[in-house]
Amino acid sequence: MNRKSFLNLSARAGLFLGLSPIITSCKDSNVADKDEVNELLLKSKATGSVVNLKTEPISKVRVGMIGMGNRGSVLIQMFEYLIKNDFAEIVALSDLKEDKLQKNNAYLKTIQTKEAKLYFGGEDEWKKVAERDDIDLLIIATPWKWHAEMAIYGMEQGKHVACEVPIAYTLEDCWKLIETAERTQKHCMTMENCCFNGEELWVLNMVDKGVFGDLNHAEGAYIHDLRKHMLDDVYYEDQWRIKHHQERNGNFYTTHGLGPISFYMDIGRGDNYDHLVSMSSREQSLSKAAKAHNSKFTNFACGDMNTTLIRTKKGKSIMLQFDVHTGRPYSRLNTLTGTKAVHQGYPSRLFIDEPELKYWGHNWLKEEEYKNYREKYDHPLWNKLKTQIDANAVGHGGMDFVMIYRLIRCLNKGVPLDINLYDGILWSAITPLSEMSVANESASTKVPDFTGGTWKTPRKAEVLRDI
Ligand SMILES: NC(=O)c1ccc[n+]([C@@H]2O[C@H](COP(=O)([O-])OP(=O)(O)OC[C@H]3O[C@@H](n4cnc5c(N)ncnc54)[C@H](O)[C@@H]3O)[C@@H](O)[C@H]2O)c1
């Protein structure tokens, strides 16, 4: 991204805050740019009024789903148990394409007797789903450019919203979502499924039980070779995903890494992100693959690897990486270091520091010892839901089921959701902030307080509750 794009990006952030776009006239000095941008960004309008949002219990949650592509087709399968137990029903489905709807509807008929209404054929047909008066929850699994608009419209129509990741990728949309949710008092959850994975919940449970001591550092990532899918003509509808890689440079997929880490580190619950620096490598791998496959896509702006460093208000550090261009094994890193223990994922390993030993240990726990920790500290949710998790392995080994189960059960009971509005906005906002830092020679960039100051009140991650 060049300086002009950076200034546009910054101007958009300022414009929404109702301030004059002074950034467009700023001087050549990077330091001046940075300070002015930071000043604009820090003017939060959030009140924090939905941080512990409790809503009327809904005995059977009536669901409308928008976007029935790869992701929507998996999410709908997570509903079988909930439908059969009368906790939820699916009322309407929407997509641009009729064939995708018919395929999903054929599946739905195998798990639900009531017929769902189908909306397709036009870019705005989804609005009819949001406008129905027999829907409580709108689930959005469309390309990124639609997320904020659909979520905002849904809340304006009196619906709770759960949206795929990232819920927004401009700061302007982040603030709009906050303003709408706080005004309408509706739930607006970012569906960050990795927060519900067995390994991440186990680590969170160990953090809660003090196994890690005080936390100082974590590393997360979305390292996933997506070249094949992005270059494929049909995998993503209208090849929406690769276009972002032509236009932008930064970390586009922050939430899989940041969601679990933020829960470990009490982000929004006693700590908050303070500032970040972000750097992208040059781009080579996607271009090479595109050329080899005679793709019409060329000139990619996004570097192969983006690395973003975040420091929290309480002095913890986070390294977050994003690479979907390079041929390499999948990883979310899932590294956590505390004063008493260290965890690294891919594969999962645990180190327990025992300073009372005569020597300082350098080895990961042996298999047997690791297993003992795994059994002792497994999050109770994964035991409680074992049968359903096994039956729903198609949803990333069960974490998608746990996420949907918790969302619906929280709505059934009228209790705050595990992932609140501010969590998802904060994790998603790291995308535009990383882009700004990258475009400004990795300048230090302040992270706005999206929570209206409510982050200062310590509390446990809600996913640790039994509901
Ligand atoms: N959390 C996860 O593990 C996970 C995994 C995969 C994808 N995702 C997210 O899910 C979302 C969708 O990704 P995907 O892989 O399913 O993409 P996709 O292209 O397969 O599906 C998107 C669907 O949305 C439909 N759509 C587009 N515009 C629409 C409109 N105006 N109205 C109605 N439908 C519309 C398309 O026709 C398509 O079927 C993305 O945000 C992605 O990041 C998350």
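This structure is a prediction, so every number in the text was calculated from the model and none was measured.

1. Looking at the nonpolar core
Residues A151, L177, Y264 and I425 are the most contacted members of the largest nonpolar core, which totals 115 residues. The element best represented in this core is helix α18 (residues 421–439), accounting for 11 residues. Here this core spans two domains, and each of domain 2 (61–192) and domain 3 (195–383 + 421–464) adds at least three residues to it. Apart from the residues within four sequence positions on either side, Y264 is in contact with V203, L204, V207, L215, A218 and L336.

2. Here we look at the confidence of the model for the protein
Caution is warranted with low-pLDDT regions, since their predicted coordinates should not be read in detail. On average, residues of the protein score 92 in pLDDT, and 90% of them reach the 70 mark or higher. Highest mean pLDDT in the protein belongs to strand β10 (residues 317–323) (99); lowest belongs to helix α1 (residues 3–16) (45). This model gives residues 1–8 a pLDDT under 50, and the stretch forms 14 contacts once residues within four places in sequence are excluded. Low pLDDT, under 50, characterises residues 10–32; the predicted model gives this stretch 35 contacts beyond four residues in sequence or across chains.

3. Quick word on the sheet that holds strand β1 (residues 61–66)
Taken in spatial order, the six strands make up an open sheet running β3-β2-β1-β4-β5-β6, and their pairing is parallel. With one partner strand each, in any of the chains shown, β3 (117–120) and β6 (188–190) form the two edges of the open sheet. Going across the sheet, the axis of each strand differs from the next one's by a mean of 20°, ignoring polarity. In this structure, strand β5 (residues 160–163) lies alongside β6, joined through three bridges in parallel fashion. By the bridge assignment for β6, V161 is matched with C188. Against the sheet, helix α17 (residues 399–413) engages β1, β2 (88–95), β4 (137–140), β5 and β6, with an angle of about 140° to β1.

4. Examining the packing of helix α12 (residues 255–264) against α18
In contact at an axis separation of 9 Å, α12 and α18 are set at 135° when each is read in the N-to-C sense. Compared by their axis directions, α12 and α18 come out oblique. The hand of the α12/α18 crossing is right-handed. In this structure, α12 uses T255, L258, G259 and S262 to contact α18, whose residues at the interface are D423, W427, S428 and I430. Its residues assigned to classes, the contact of α12 with α18 shows three nonpolar, four polar and one charged.

5. Concerning the packing of helix α9 (residues 198–208) against α12
Following both chains from N to C, one finds α9 and α12 inclined at 20°, their axes separated by 9 Å at the closest point. One finds that α9 runs roughly parallel with respect to α12. Both α9 and α12 take part in a crossing whose hand is right-handed. On the side of α9, the interface is formed by E200, V203, L204 and V207, while α12 contributes P260, F263 and Y264.

6. Some details on the site of the ligand
As a structural note, the neighbourhood of the ligand is formed by 26 residues, with G67, G69, N70, R71 and E237 the closest of them. When grouped by side-chain class, the residues that make up the shell around the ligand number 11 nonpolar, eight polar and seven charged. Both domain 2 (61–192) and domain 3 (195–383 + 421–464) contribute no fewer than three residues apiece to the shell around the ligand.

7. Overview of helix α11 (residues 240–247)
Within α11 the residues assigned to the buried category are I242, H244 and H245. One face of α11 carries all of its buried residues, which in axial projection span an arc of 145°.

Cut-offs used in this document
- Residues numbered from 1 in each chain as written.
- Predicted model: local features only at pLDDT ≥ 70, side-chain atom pairs only at ≥ 80, totals over all residues.
- Core = buried A, V, L, I, M, F, W, Y, C linked by C-beta atoms within 7 Å.
- Buried ≥ 20, exposed ≤ 12 C-beta atoms within 10 Å, placed from the backbone.
- Helix = DSSP H or I, 4+ residues; strand = E, 2+ residues; numbered from the N terminus.
- Domains from an automatic or database assignment.
- Contact = placed C-beta atoms within 7 Å.
- pLDDT = per-residue confidence, 0-100.
- Pairing = 2+ DSSP bridges.
- Axes fitted to C-alpha atoms, helices over the stretch in contact; angles between N-to-C directions.
- Parallel < 35°, antiparallel > 145°, perpendicular 65-115°, else oblique.
- Left-handed = near helix turned anticlockwise from the far one by under 90°.
- Nonpolar A, V, L, I, M, F, W, Y, C, P; charged D, E, K, R; others polar.
- Near = placed C-beta within 6 Å.
- Arc of directions from axis to C-beta.

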